Amino acid sequence: MNFLAAGIMVGLAAMSAAIGNSLLFSKYIEGITRQPEARGTLFGQTMILFGLIEALPIIGVGLGIMVFFGLL
């Protein structure tokens, strides 16, 4: 049963990160088309948020491994 819980955790974490990244970069492109001169500022903020969004699946994989091996 642990393998099912671990698979669901990893799958949902990856899916939520994919949705978050797609929304983030679509708004980034939209912001560049509206104000091209703000490209540098938008890029820095986008990369910070990208790192925060990508932290979710890393934590999900770590917890999934712990659940799979019965450590949690």
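Going by the structure above, here's the rest.
Residues numbered from 1 in each chain as written. Predicted model: local features only at pLDDT ≥ 70, side-chain atom pairs only at ≥ 80, totals over all residues. Heavy atoms only, no water.

K.L.:
Before we go on, may I ask you to explain the pattern of salt bridges in this structure?
P.N.:
Inspection of every chain in the model, using the stated rule, returns two salt bridges. A salt bridge links K27 to E30; the shortest N-O distance between them is 3.7 Å. One end of the pair, K27, and the other, E30, are both in helix α1 (residues 2-34), three residues apart, so they sit about a helical turn from each other. Residues R34 and E30 are paired through a salt bridge, measuring 3.4 Å at the closest nitrogen-oxygen approach. In this pair, R34 and E30 both sit in helix α1, four residues apart, roughly one turn of the helix. (Salt bridge = Lys/Arg side-chain N within 4 Å of Asp/Glu carboxyl O. Helix = DSSP H or I, 4+ residues; strand = E, 2+ residues; numbered from the N terminus.)

K.L.:
I would appreciate a short explanation of the side chain of T46 in the present structure.
P.N.:
As for its position among the elements, T46 is in helix α2 (residues 39-68). Only 2.6 Å separates the side chain of T46 from the backbone oxygen of L42, close enough to count as a polar contact. Beyond its immediate chain neighbours, meaning those up to four positions away, T46 contacts L24, F25 and Y28. (Polar contact = N/O pair within 3.5 Å; in protein donor to acceptor, adjacent residues only side chain to side chain. Contact = heavy atoms within 4.5 Å.)

K.L.:
So what exactly am I meant to see when it comes to α2 here?
P.N.:
In an α-helix, one full turn covers 3.6 residues, which means residues spaced three or four apart are oriented alike. Over its 30 residues, α2 runs 43 Å from end to end, which matches the ideal 44 Å to within 8%, given 1.5 Å per residue. If you follow the buried residues of α2, they end up packed against α1. Looking one or two places after α2, you find G70, whose phi comes out positive at around 75°. (Expected span 1.5 Å × (residues − 1).)

K.L.:
Please explain α1 as it appears in this structure.
P.N.:
With 33 residues, α1 ought to run about 48 Å at 1.5 Å a step, and its terminal C-alpha atoms sit 48 Å apart, in line with that. Listed as buried for α1 are A6, A13, A17, G20, N21, L24, Y28, G31 and I32. Buried residues along α1 sit against α2. (Buried < 20%, exposed > 50% of the residue type's maximum accessible area, 1.4 Å probe, protein only.)

K.L.:
Looking at this model, I keep getting lost on the environment of A6. Mind explaining?
P.N.:
For A6, the location among the structural elements is in helix α1. It is 9.3 Å that separates the C-alpha atoms of A6 and F69, two residues lying 63 residues apart in sequence. Not counting the four nearest positions on each side in its chain, A6 is found in contact with G64, V67 and F68.

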